[in-house]
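Commentary on secondary and tertiary structure
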Amino acid sequence: MGDTITETLAVEVWRGRDEGQFETFEVPHRESQTVLDVVTWIQRNAEPALAYRFACRVGMCGSCAMTVNGRPRWTCRTHVSEVLDGGRLRIEPLANLPRIKDLVCDLTPFFEKWQTARGRFEPSATRHDPMVPVSTESPERRAADAGIECINCAVCYAACDVVRWNPDYVGPAALNRAWTLVNDERDGDRNGVLQAVSQAGGCHSCHTHASCLEHCPVGLNPTAGIAGLKRLTALAAFGGGD
Amino acid sequence: MNIERSSTDILILGSGGAGLFAALHALKANSDLDVTIAVKGLLGKSGCTRMVQGGYNVALASGDSVERHFMDTIVGGKWLPRQDLAWKLVETAVERIHELENEIGCFFDRNPDGSLHQKAFAGQSFDRTVHKGDLTGIEIISRLMEQVWARGFNKLEEHRAISLVPAADGSGLAGVLLIDMRTGGYRFVRAKAVLLATGGGPTMYLYHTPSGDKSCDGMAMALRLGLGLRDMEMVQFHPTGLLAGTDTRMTGTVLEEGLRGAGGYLLNGDGERFMSRYHEHGERATRDVVSRSIQAEMRAGRTTPNGGVHIQMSHLGPEDVAKRFKGMVERCADCGFDLAGGLVEVVPTAHYMMGGLEFELDGSTALPALFAAGEDCGGVHGANRLGGNGVANSTVYGGIAGDAMAAYVAREGLLRDADETVIEAAVGRAEHPFSVTGGDLNELRDRLSRLMWDDVGILRDVAGLKRALSGLDDLAAELEATGVADGDRAFNLTWHDWQNLDSQIQTSRVIAQAALARDDSRGAHFREDFPETGDLEGSTNTRVTADSDGEVTVEMVPVEFSVVKPGESLIAGEAGAPPT
């Protein structure tokens, strides 16, 4: 086989729930190895009860995000060599979310807040109507397209300082989705979106630290969308929530 | 053993395109229904709908027709699809794509005039694949998830179904026994109707594409109930999976079809472009031909360091490649490979199961109260699935099953009393690994995946299949003697690995038995000892059942050509041929 074991990695892994400790594992270092592979190796070879979550393996589902050496990331798409710090890795669950066990957290608040920001399409037509022709050149459609490829992995939510300070803040991903809906000419209640995001914990809570932009694994810019929402809600005179 | 018990009107297993569509349709049909969605991972995040790159086949454009889409599906499926199911697929896809755009909120790529863009996809005689760039699945499942989260469904995330439990009086299905993976406890959910939509997923092969949570649990549960599985020998291989070495979950994941279509080269270990030796279309030949050719090079030992072949794109201009295949190039770069400018090792990889549980036009099965949709089911695709017909299948039949379950519950829905002996036996089965010690689960997984790859893979013959069946018996016996340390059962993935292997070994036996029974070669199934397609008029489907001891029987069932017969066509021109 082409892989060679060049050295050993020292991997500190969070064990427990809110209370717990780091446990250190020695893991063979391989040429082709992601952080998810490291975690998998530990479960298969060293600690059978280690809890972690993954599904698609290719950066499409966003199930495997964890904090790696202090930074939230998709572990399936993070090559070990990219994040190694002096031969060490420290792996923890995502911040800002309730913990379940070891490296797994509960994403329920993240998805509930997505709904709080009215992060869902409201139809203006039915399956029996023809599809509306939509110009891909309009500024609105371009704005929607720029934000639509979010896979709801919650990396931005875990990276956001405001989420940490303000438990009501819906967070960057939910607002990014709201921004794409405000720009979707097919949506039947775009004012409803603006109303939702102008409430307390909505877009006006953002302090523009741009951590979401810095951490988004697909390179989206939620900060820009949130700025757009702030502008539109001010114009619509919904007022600031907080 | 403590078992938590609850009841619901409709229980849905799985949250891909089939499960989520079923949930939305059932609730729309009757908003008073109590609908529960149970899923092995997170809602909308596990399974493979999300991973769809290609798109959604549907006859919309002028010049195209459902008849044409139907003929492409039948010819592509080598005359083995159940024709009424294929017809329902192509017909309902038209309504479903409108529902996705107009009601669910998906936004698919447009033409300059604002109408829907439909691209060309292999094996089709018309450009009919609706898509959102090369991330169609993310758009579909993300929008579906939002609609589901917006409504009052009961959500059982990280719940693994371990047994479909029949009623004590034999009148139908009573409910489903699950493990709450977060606590490690058991839960029995009684339901008036149950949808099996867990997805298939040939993850028992050394190289495979599907999501890691899939392990054929749905098919294995249906088999244990005595239900029939059809066309199980039909496992589709994608020719270019990433080959990154052992001990990495990157290995096996798909590098998209478009790379070959755009003019990418496949080079063997000697650096030779070999495809022209096998087929006049070279790298642009169909999936099955390219997969078999790569396999032949691998057998001849002309391989790259990790045992596959190379794909080369750099002759097309690294900058252009990086622009045109942005997602693929970035993914390879994250994994340490330079797809645009260098060589990347690839290997054929198990992708999709055309076979599965027998089901009817309304999603019902032979067992009252059990419905099924999506990759758990067999019959729609026959011997080969067209790219773009997978997500059409799951969303079309998921929605249909949701409507049908709501109607069934209104008509004759009742909560049945469970056969408690089945619950007891299933708990006993799940507890078994805690009662033994020793064994090596990792070694068993490796051996299973190599056995299936070598002997039940792309090229098959009688000796290999018999060797596989005997090897699978050994593996099943060894799994019985392999233990898992008891203790903290919450989110104990090693316990679930054991159960995954149990489902995979059972399903592997069915695949091997069906492959042994089919003595012809068509679509995804290739027998080196029977390389001919055989007489199309006399085509048969395989049908596998198991008795209560797990003994498997295969029947060959003549295909009913209910719409068209071989030699006939509903269209002018050649089905399955590229548009001219």
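Residues numbered from 1 in each chain as written. Chains lettered and ligands numbered in written order. Predicted model: local features only at pLDDT ≥ 70, side-chain atom pairs only at ≥ 80, totals over all residues.

This part is about the overall build of chain B. Assigned secondary structure in chain B consists of 14 helices and 18 strands. Whereas a compact globule of 580 residues would reach a radius of gyration of roughly 25 Å, chain B reaches 23 Å, a difference of no more than 12%. Across its three principal axes, chain B shows a C-alpha extent of roughly 65 × 55 × 50 Å. Per-residue burial for chain B yields a buried fraction of 60% across its 580 residues. (Helix = DSSP H or I, 4+ residues; strand = E, 2+ residues; numbered from the N terminus. Rg over C-alpha atoms; globule rule 2.2 N^0.38 Å. Buried ≥ 20, exposed ≤ 12 C-beta atoms within 10 Å, placed from the backbone.)

The next thing to look at is the sheet that holds strand β5 (residues 88–92) of chain A. Residue and element names in this part refer to chain A. Reading across the sheet, the five strands line up as β2-β1-β5-β3-β4 and stay open at both edges, with mixed pairing between neighbours. Two strands lie at the open edges of the sheet, namely β2 (20–28) and β4 (71–74), each paired on one side alone. On average, each strand axis in the sheet is inclined to that of its neighbour by 35 degrees, with strand direction left out of account. Summarising the sheet, strand β3 (residues 65–68) and β5 pair through two bridges and their orientation is antiparallel. Note that in β5 the partner of valine 68 across the bridge is isoleucine 91. (Pairing = 2+ DSSP bridges. Axes fitted to C-alpha atoms, helices over the stretch in contact; angles between N-to-C directions.)

Taken together, the 55 residues of chain A in the interface contact 56 residues of chain B. Of all the elements in the fold, those that place two or more residues in the side of chain A that touches chain B are α1 (35–45), β6 (99–101) and α3 (108–116) of chain A. A total of six residues in the side of chain A that touches chain B trace back to one element, the largest contributor, which is α1 of chain A. Looking at the side of chain A that touches chain B, its residues break down into 26 nonpolar, 16 polar and 13 charged. (Contact = placed C-beta atoms within 7 Å. Nonpolar A, V, L, I, M, F, W, Y, C, P; charged D, E, K, R; others polar.)

Residues and elements named next belong to chain A. Here chain A is partitioned into domain 1 (8–105) and domain 2 (108–235). Computed over C-alpha atoms, the centres of domain 1 and domain 2 are 29 Å apart. Contacts between the two partners involve 14 residues from domain 1, matched on the other side by 15 residues from domain 2. Broken down by element, the side of domain 1 that touches domain 2 gets its largest block of residues, three residues, from β4. Here the residues of the side of domain 1 that touches domain 2 sort into nine nonpolar, three polar and two charged. (Domains from an automatic or database assignment.)

Residue and element names in this part refer to chain B. Pairing analysis gives ten bridges linking strand β1 (residues 3–13) to strand β9 (residues 185–196), with the strands arranged parallel. Within β9, the residue paired with isoleucine 3 across the bridge is tyrosine 186. One ladder, built from four bridges, connects β1 with strand β2 (residues 35–38); its direction is parallel. Across the sheet, the residue bridging to isoleucine 12 is isoleucine 37, located in β2.

Residue and element names in this part refer to chain A. The contact between helix α7 (residues 172–182) and helix α8 (residues 190–197) brings their axes to 9 Å, and the two run at 155 degrees. Comparing their axes, α8 and α7 come out roughly antiparallel. By crossing handedness, the relation of α7 to α8 is classed as left-handed. Touching Leu175, Ala178, Leu181 and Val182 of α7 are Arg190, Val193, Leu194, Ala196 and Val197, all from α8. (Parallel < 35°, antiparallel > 145°, perpendicular 65-115°, else oblique. Left-handed = near helix turned anticlockwise from the far one by under 90°.)

This brings us to the sheet that holds strand β12 (residues 265–267) of chain B. All names here are of chain B. Taken in spatial order, the four strands of this open sheet run β11-β14-β13-β12, and their pairing is antiparallel. For this open sheet the edge positions go to β11 (235–242) and β12, each flanked by a neighbour on one side alone. Mean inter-strand twist for the sheet, computed between neighbouring axes without regard to direction, equals 40 degrees. Pairing of β12 with strand β13 (residues 309–312) involves three bridges; the strand directions are antiparallel. Along β13, the bridge assignment pairs tyrosine 265 with glutamine 312.

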